[in-house]
Every structure is written in C-alpha cells, then in structure tokens.
Amino acid sequence: VQLQASGGGLVQAGGSLRLSCAASGLTFSRYHMGWFRQAPGKERELVAHISRGGSTYYSDSVKRRFTISRDNGKSTVYLQMNSLKPEDTAVYYCAADPRGVVTTRSDYWGQGTQVTVSS
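The notes below deal with the structure included here. (Residues numbered from 1 in each chain as written. Predicted model: local features only at pLDDT ≥ 70, side-chain atom pairs only at ≥ 80, totals over all residues. Heavy atoms only, no water.)

1. Some words on unusual backbone geometry
Part 1: Backbone geometry places Arg-64, a non-glycine residue, at a positive phi of 75 degrees.
Part 2: With respect to the helices and strands, the residue Arg-64 is situated in the loop between strand E6 (56–58) and strand E7 (66–71).
Part 3: For Ser-75, which is not glycine, the phi torsion reads 50 degrees and is therefore positive. (Helix = DSSP H or I, 4+ residues; strand = E, 2+ residues; numbered from the N terminus.)

2. Some thoughts on the nonpolar core
Part 1: If you look at the biggest cluster of nonpolar residues, it comprises 30 residues, and the most contacted ones within it are Met-33, Trp-35, Ile-68, Val-77, Leu-79, Met-81 and Tyr-92.
Part 2: For this core, the elements supplying multiple residues, two or more each, are strand E1 (2–6), strand E3 (17–24), strand E4 (32–38), strand E5 (45–50), E7, strand E8 (76–81), strand E9 (90–97) and strand E11 (113–118). (Core = buried A, V, L, I, M, F, W, Y, C linked by side-chain atoms within 4.5 Å. Buried < 20%, exposed > 50% of the residue type's maximum accessible area, 1.4 Å probe, protein only.)

3. So, the pattern of salt bridges
Part 1: Inspection of the entire model under this criterion finds six salt bridges.
Part 2: A salt bridge links Arg-37 to Glu-45; the nearest nitrogen and oxygen atoms lie 2.7 Å apart.
Part 3: Between Arg-65 and Asp-88 there is a salt bridge, with its nearest N and O atoms 2.8 Å apart. Of the two residues, Arg-65 sits in the loop between E6 and E7 while Asp-88 sits in the loop between E8 and E9, which places them 23 residues apart along the sequence. Note on accessibility: Arg-65 and Asp-88 belong to one class, buried. (Salt bridge = Lys/Arg side-chain N within 4 Å of Asp/Glu carboxyl O.)

4. A word on the packing of aromatic side chains
Part 1: Applying the stated criterion across every chain yields a total of three aromatic pairs.
Part 2: Between the aromatic rings of Phe-36 and Trp-109, the centroid separation amounts to 4.8 Å while the plane-to-plane angle is 55 degrees, which identifies the pairing as tilted. Placement of Phe-36 in strand E4 and of Trp-109 in strand E10 (residues 108–109) is noted, with a sequence separation of 73 residues between them.
Part 3: For the pair Tyr-93 and Trp-109, a centre-to-centre distance of 6.5 Å together with 80 degrees between the ring planes defines the contact as edge-to-face. Pair noted here: Tyr-93 is in strand E9 and Trp-109 is in strand E10, with a separation of 16 residues, a long-range link.
Part 4: With relative accessibility at 15%, the residue Tyr-93 sits in the buried group.
Part 5: Relative accessible area serves as the criterion here: at 23%, Trp-109 is assigned to the partly exposed category. (Phe/Tyr/Trp six-rings, centres within 6.5 Å; stacked < 30°, edge-to-face > 60°.)

What follows is the structure in structure tokens.
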C-alpha cells in the first residue's frame, strides 16, 4: 500500500490550498481516509475524515474552512483548505484504514506535505 500526498506549499493568510493523496495497492473504496497534521512540538491531530460511505468529520479548528472529498475512480482523497491561518502551518499527512475511523494507530500513511501559512 502506498499513499502519496501532494499539494502543500507556502501561502498567505486567507489563501487556499488543495491537498491530494493518491493511493495505490489497495481497494480504495473499501478504506476510510483521514487527513492529519503535525505542527512542530505538537502531537499529530486528525483534522478531517471521510468514511468509505462518504460521511465526513472535521475538527472544530477547521470546520467550515476545510473540505474533505474522495474520488474512488481515481483512488484519491482531497483536502480543500480555505481561509488559511498561520496556525494551520504544519506537515499534513493522509492515512487509510479499512477497519474503522482512521486514527494515529492506523497502518497506512502518506509521507507528509508541508503547509506554511504566512501572516
């Protein structure tokens, strides 16, 4: 199983970025998918989750600004990030789990993509 995250970069506060995570080596439609982030000195946290049925969850810190979506035909999960704030600066990781909600203990992880928001 491979998860390839991309789309990070440097953006000014108030700007937008779209992260992508392309999966291979798995039956993508059977997996729940999540986006996590980890800022320096902080624990990795779940920011958005999409079930294999399409139900979504967002952490309070990103609700109404971020949108998670999936394209099963392309085996890809996306994270559209709008109204970015400096506190969104972190390395963003995608993860997959066939059993249930994706957690930090899930088996499959992408390599991470850096998002930096300048003030």
